[in-house]
Amino acid sequence: MTVKNPSSTALMAAAARAAHLVVDRPPLIFSDTLAEALLGDQAEELLGYHRAYGDQLVLAAARAQAVCRSRCTEERVGRAVRSGVRQYVILGAGLDTFAHRSELAGRVRVFEVDHRATQEDKKDRLAAAGIPVPGNVAYVPLDFEREDLTSSLCAHGFDPGRPSVVAWLGTSMYLTAEAVAGTLDALGAFAPGTQLVMDYLLPEGLRDATARQYVDAVASFATERGEPWRTFLTPDDLDARLTACGFETVAHIRQHEMVDAALWDRQDALVPLDLSRIAHARIRS
C-alpha cells in the first residue's frame, strides 16, 4: 500500500470473509453479508480462487483468521455498545462493513481510520454496490507513520473525553514498531473506560507448526505486493507497552479461543493456528 494506492490486504481480507459464506460448511463463524458486494467486478475471480483451492493452507488459514478475529472483536464491541459506549473507532478499517450491517451500528458513532486511498476505494465500492453510507459514519484519513491520530479524529467530531471502543485488526503488523507505539500512546490518552481490541503477529518462536508453514508460503508475497510484515510482538512485550500507556490487559486470546469450541467441530478445511493473537485491554479508571 502507498499513499496513492489502496491496500490489497483490505481486499484480500474482504474476499476471505465473503468466501467463508460460500466455501466453508456450517456452522459459520462470522457472516459478513456485504463483503462479496464490495468485491465488485473482482468477486468472481477472488471467490473463484477460494472455491478452487480453498482446502489449501494459505486460503483456509486466511479465511479462519479473517472470520475469527471479526467475530471475536464484534462480540466485544457489541458488549461495549450495549453498556453505553457511543464511539467506535476502527483503525485500519479497510473494507469493514460493521456500520452497514450490524444491528448495533445505529447506536454508535463510527470513525473509520485508514489511508485516504483505501478510503476512497471503499467509497467507490460502496457506491457501485448501491450501499449507502450512514450519517453516523466519519471517514478519518490517516497515515499511521506520519500523522497524529487524536487530532485527526477530533477534526471529524471525535470526543476524547468520552469512553470509546477501538478495534485495530490486520494493521499493526504492517507498521513500524515506532508507529505501533505511537498509536498506543495516543489511545492511552483517551477517556478512562475506553477499550481496545487489537490483533498482533507473534514472533517465530511462538508460532505453531501450521503457522510457520503459512508464513513460509505468504511472507514473501506480502513483501512483493508492498505490504511487508514489520512488527511482531510477544504477549509480554505488548503487556508492557499497554501498561505504560495506561491500559490494563483483559486477555490475550489465541485463535482457537476466539470462538466457541463447538465451532471447531468442522467438516471443512478451517483449523485454528497460532500465528496471531487478539489483545483486549481497557484504560484504567
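In this text the structure is predicted, and so the values were computed from the model without any measurement. (Residues numbered from 1 in each chain as written. Predicted model: local features only at pLDDT ≥ 70, side-chain atom pairs only at ≥ 80, totals over all residues. Heavy atoms only, no water.)

A. Just the environment of Ala 269, in detail. Among the secondary structure elements, Ala 269 is positioned in the loop between strand E6 (247–254) and strand E7 (276–283). Through-space distance from the C-alpha of Ala 269 to that of Gly 157 is 44 Å; in sequence the pair is 112 residues apart. Not counting residues up to four positions away in its chain, the partners in contact with Ala 269 are Gly 54, Asp 55 and Ala 60. (Helix = DSSP H or I, 4+ residues; strand = E, 2+ residues; numbered from the N terminus. Contact = heavy atoms within 4.5 Å.)

B. Summary view of the sheet that holds E6. Strands sit in the order E3-E2-E1-E4-E5-E7-E6 across an open sheet of 7 strands; the sheet is mixed. Because the sheet does not close on itself, it has two edges, and the strands there are strand E3 (137–141) and E6. Across the sheet, the axes of successive neighbouring strands diverge by a mean angle of 20°, strand direction being ignored. Across 4 bridges, strand E1 (residues 87–91) lies against strand E4 (residues 165–168) in parallel orientation. Across the sheet, residue Leu 91 finds its bridge partner in E4, namely Trp 168. The strands touched by helix H4 (residues 57–82) are E1, E4, strand E5 (195–201), E6 and E7; relative to E7, the strand with the most contacts, the crossing angle is about 15°. The strands that helix H8 (residues 177–188) touches are E1, E4, E5, E6 and E7; relative to E4, the one it contacts most, it runs at about 170°. (Pairing = 2+ DSSP bridges. Axes fitted to C-alpha atoms, helices over the stretch in contact; angles between N-to-C directions.)

C. Local environment of the side chain of Thr 231. Position of Thr 231 among the secondary structure elements: in the loop between helix H9 (209–224) and helix H10 (235–244). A polar side-chain atom of Thr 231 sits 3.2 Å from the main-chain amide nitrogen of Ala 177. With residues up to four places along the chain from it excluded, the contact list for Thr 231 reads Ser 172, Met 173, Leu 175, Thr 176, Ala 177, Val 180 and Leu 201. (Polar contact = N/O pair within 3.5 Å; in protein donor to acceptor, adjacent residues only side chain to side chain.)

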